[in-house]
Structures are given as structure tokens and as C-alpha cells.
Amino acid sequence: MPLVLGIESSCDECSVSVVEGEGARVLSLATHSQVKLHQPYGGVVPEIASRNHLETIHPMIDEALARAGTNLGSIDVIAVTNRPGLVGALLVGVTTAKAIAYALKKPLVAVHHLEGHAVSAFLDTPGLAQKLGYPALIAIVSGGHTCLVVAPGQPQTWPEDLLASGLVGRSRDDAAGEAFDKIAKVLGFPYPGGKFIDELARSGNPKKYHFPRALSRKETLDFSFSGLKTAAAMEIEKIRKQGQLENEKADLCASVQEAIVDALWIKIKLALDRNRCGSLILVGGVSANSRLREKLMGECHVPTVFPKSEYCTDNGAMIALAGFFRYAQGRELGKNALLGLSALPSARY
Ligand code: KG4
Ligand code: ZN
């Protein structure tokens, strides 16, 4: 029953968790969100992010251990996000994890951030991985990434390069979350604006405005959201000049959201069929979107699972669980690899 300490600091959440690996049980999760710090700038400022991680990482470790009723001596494995992300932010987590692992002679596992998202649906739902049909399609829909990955079996069996070897589609430009956030900014919502669009869209008409679903008739499984972003920004500016923005905001939100959700569903469906997938695992911050969940629950022909809402956005628990699966495969770092572990800002895998 290994106890895993998971550390996530790749972007603007400083998050630490204690997870009991075998049962995927989250014993504690302590997260310091930097959202308020970055809000005045309309996006994440890397230097502010890394400085704040430095201040909050130790309090988050202490809090996660205390809430789980344990201490560093009882932790069996340390897992840390080392790729991809903001290099200064990643370095804070990586350096801290290395120091703890080296000083206490604990095994250290380096985790790809997207692999963390990929396993997030399994947190606190013991037995779920065994129940799903395989191959499974993992749709990772976050603020920084939108990609489709085919997983051959349960997470314990995933090849080390799953995110490269299983990749069947990805965004050629903006990620879905990025499109939500950039359009939300033009509409005047604070960063990150995805959830505000989701909320206001509930009282809007999704058919009022038509925005492009790029590449929808093409054979590719890739996405493109930059055309939609530009079309929405131009429409919003036009309506603002007419003095109608406040009246039209809910319809604009609903129409934008419908276009993003449609664009995602078109490619997810194609990928499920082409790869004869037996289930769909939808993860990442945008998987919290209520319309996307509703659409998939209504239209998806294979069993579909999502993470609990607290595990959709970046968190240390998903890193701990991904680290546990890699540890179980014997992929902990040897002493030299531990000392040499670095942060990789733009690693594909
Ligand atoms: O996975 P995540 O925490 O960050 C990355 O790893 O990139 O996802 C954050 C993204 C942001 O773009 C945010 O606006 C979006 O997830 N998001 C949503 C919702 N909740 C979070 N987008 C649409 N609807 C939501 N309810
Ligand atoms: Zn993320």
C-alpha cells in the first residue's frame, strides 16, 4: 500500500497531495491557487508564478502531510511534475522533490503533467480502471493542451512513451481552454474565464451566433481553435460598438461554448470509431465544462468517465497517482538520474 507524495508546480497551482497508490485513494490535497495574483495581467506571468511557488511549496507539503495524518518518514514514494510547463515554476517542484528524496533516501518518480491529467479520472474511484473497455480514448482538454491519446489497457500497462506513441490528434494552434480564456477576456471576464462562459451560457441561446468548427469535414483528428477565437473576437467587438454587448453576452457565451464543444465532439467521435475504443476518458480543466459533459453523456456511444471536479484542474493528487503507476513499473530514478533530474519546459514526452 505505497503512500505517494505528489508535487505539482508546472503553472499557477502549487499543489501537494498524499495518495494511497493501490486504491487510488486521495488522503489529502493541499492547493494554493495563484489565480488572483495573475488576474491583473490577464494571464500567467512566469516570474511571478515561480516566486510564489517558492513561498508556498513548503506550507503545501506540511499541510498535505498533516491532513493525511502522516509525515515525510512514512511516505514511500515521491512523484513530481518535471515536464512540460513554465521552466521556473517546474524547477521549484523538481528541486524540492529531489532534495526530499535524496535526504530521506526515498524513491523519486518524474511525471509528465499530461500523464497526471490522464489518470485523474481514476482518483477516488477504486476499481474504475478494471471496468473500462480498452483501448480507451483519453481526451486531454486543458488550458495548455488539447490532445487525443489511445491507451492500450489499464494505466499499469501504459508504455513509457504513451503520450507520443498513443497520440492520434492534437490542436494545431490554441488549446480549447486557451480559446475559452481568450474569448472570455474579450468579453470582460477575469482570467481564467472558461468557467464564467460556462455559467453565463446556461441562460443563453447557443444557436444565436454561428462560429466555425474548424477542420470538421477533414479526415484529420487534429483540432484548430484560432479561427473560432478570431471570429468570436470580431463579432464581440462589432456588438460592443453597437452598445449591445451586455444584452448579447449570454447568447455569445452559449454560441462560443457550443462551437468549442461541437469541435471537440466531432474529433472525439471520429477517434473513438477509428480506433475501436471501448471507453472515453475526458480529463483536464475543460472537462469541468457542463455543456461538454452533457453533450458526451447524451451522444457518446461508449462509457464515458470524467474526473471529480476537484481533480479536473491541476492538482498534486493526479501526479501522485501517475507516479504510483510508474513506480509500480519499476521506473523510479536511480541515484544519478535523481541528482540530474531537470525541468523540461516543452517536452512532448
Ligand atoms: O488543466 P488545467 O488546470 O490547466 C492546464 O494544465 O493547462 O485547465 C485550466 C483550463 C483553463 O483554460 C480554464 O478556463 C478551463 O480549464 N476551465 C473551463 C472550465 N473550468 C476550467 N473551461 C470551460 N468550462 C469550465 N467549466
Ligand atoms: Zn494541467
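Attention here is on the structure that accompanies the text. (Residues numbered from 1 in each chain as written. Chains lettered and ligands numbered in written order. Predicted model: local features only at pLDDT ≥ 70, side-chain atom pairs only at ≥ 80, totals over all residues. Heavy atoms only, no water.)

Before going further, it helps to spend a moment on the environment of P152. For P152, the location among the structural elements is in the loop between β7 (146–151) and α6 (162–165). Considering only alpha carbons, one finds P152 and T81, 71 residues apart in sequence, at a separation of 23 Å. Residues within four places of P152 in sequence aside, it is in contact with Y134, P135, W158, P159 and L162. (Helix = DSSP H or I, 4+ residues; strand = E, 2+ residues; numbered from the N terminus. Contact = heavy atoms within 4.5 Å.)

Across the sheet, five strands lie side by side as β3-β2-β1-β4-β5; this open sheet has mixed pairing. Only two strands of the sheet have a single partner each, and these edge strands are β3 (25–33) and β5 (108–112). Averaged over all pairs of adjacent strands, the angle between their axes in this sheet comes to 20°, without regard to strand direction. Strand direction decides the pairing type here: strand β2 (residues 13–20) and β3, joined by eight bridges, are antiparallel. Within β3, the position partnered with V19 by the bridge is V26. Its contacts with the sheet place helix α12 (residues 316–328) against β1 (3–8), β2, β3, β4 (77–83) and β5, and it is angled at close to 125° to β1. (Pairing = 2+ DSSP bridges. Axes fitted to C-alpha atoms, helices over the stretch in contact; angles between N-to-C directions.)

Neighbouring ligand 1 are 20 residues, the closest being G143, G144, D181, D198 and N289. Here D181 contributes a side-chain N or O atom positioned 2.6 Å from an oxygen atom of ligand 1. Of the pockets mapped on this structure, ligand 1 occupies the largest pocket. When residues of the shell around ligand 1 are traced back to their parent elements, those giving at least two are α4 (113–119), α7 (176–186) and α8 (194–201). Within the shell around ligand 1, the residues separate by chemical class into five nonpolar, eleven polar and four charged. (Near = heavy atom within 4 Å. Polar contact = N/O pair within 3.5 Å; in protein donor to acceptor, adjacent residues only side chain to side chain. 1 Å grid on protein atoms, 1.4 Å probe; cavity = no way out; pocket = protein on both sides within 12 Å on 5 of 7 lines; lining within 4 Å. Sits in = over half its atoms within 2 Å of the grid points. Nonpolar A, V, L, I, M, F, W, Y, C, P; charged D, E, K, R; others polar.)

Below, the discussion takes up the pattern of salt bridges. For the structure on display, the rule yields 23 salt bridges. The salt bridge involving E246 is made with K249; its shortest N-O contact spans 3.5 Å. Placement of the pair is E246 and K249 together in helix α10 (residues 245–274), with a separation of three residues, close to one helical turn. On the basis of relative accessibility, which here comes to 60%, the residue E246 falls in the exposed class. By relative accessible area, which is 12% here, K249 ends up buried. For R291, the salt bridge is made with E294, and the minimal N-O distance between the two is 2.6 Å. Of this pair, R291 and E294 both sit in helix α11 (residues 290–299), three residues apart, which is roughly one turn of the helix. (Salt bridge = Lys/Arg side-chain N within 4 Å of Asp/Glu carboxyl O. Buried < 20%, exposed > 50% of the residue type's maximum accessible area, 1.4 Å probe, protein only.)

Right, let's get into the environment of K249. In the structure, K249 is positioned 73 residues away from A322 in sequence and 40 Å away in space, judged by C-alpha atoms. Residues contacting K249, with those up to four places away along its chain left out, are L187, F189 and L200. Within polar-contact distance, the side chain of K249 engages the backbone oxygen of L187 at 3.0 Å.

Moving on, we come to α7. Taken residue by residue, α7 has A176, G177, A179, F180, D181, I183 and A184 as its buried positions. Packing partners of the buried residues in α7 comprise β6 (136–141), β7, α8, α9 (226–241) and α10. One or two steps after α7, the chain reaches G188, where phi turns positive at roughly 95°.

With that settled, the discussion passes to the sheet that holds strand β8 (residues 167–170). Spatially, β8-β7-β6-β9-β10 is the arrangement adopted by the five strands of the open sheet, whose pairing is mixed. Edge positions in the sheet fall to β8 and β10 (304–305), since each of these pairs with one other strand and no more. Sheet topology places β7 next to β8; three bridges connect them, and they run antiparallel. In the strand pairing of β8, L148 is matched with G169.

With that settled, the discussion passes to the coordination of the zinc ion (ligand 2). Bound to the zinc ion (ligand 2) on the protein side are H113 (NE2), H117 (NE2) and D314 (OD), at distances that span 2.0 to 2.1 Å. With four donor atoms in place around the zinc ion (ligand 2) and angles of 95 to 136° between them, the coordination shape is irregular. Every donor residue of the zinc ion (ligand 2) comes from the same chain, spaced as H-x3-H-x196-D. With H113 and H117 both in helix α4 and four residues apart, the pair spans about one turn of that helix. According to the relative accessible area criterion, H113 is buried, its value standing at 6%. Accessibility expressed as a relative area gives 0% for H117, which makes it buried. (Donors = N, O, S within 2.8 Å, 3.2 Å for Na, K, Ca; no water. Tetrahedral: all angles 85-135°; square planar, octahedral: opposite > 155°, others 65-115°.)

So, about the pairing of strand β9 (residues 279–283). In regular strands, side chains alternate between the two faces of the sheet. The element β9 is largely enclosed, with a buried count of five among its five residues. Along β9, one buried face is formed by S279, I281 and V283 and the opposite face, lined by L280 and L282, is buried too. Judged from the five bridges that link them, β6 and β9 form a sheet pairing that is parallel. Its bridge partner being in β9, L137 is matched across the sheet by L280. Sheet analysis places β9 next to β10, joined by two bridges and oriented parallel. Looking at β10, one finds that L280 is bridged to T304. At this point the chain moves from β9, through α11, to the parallel β10, and the crossover so formed is right-handed. (Right-handed = clockwise from strand over helix to strand, strands pointing away.)

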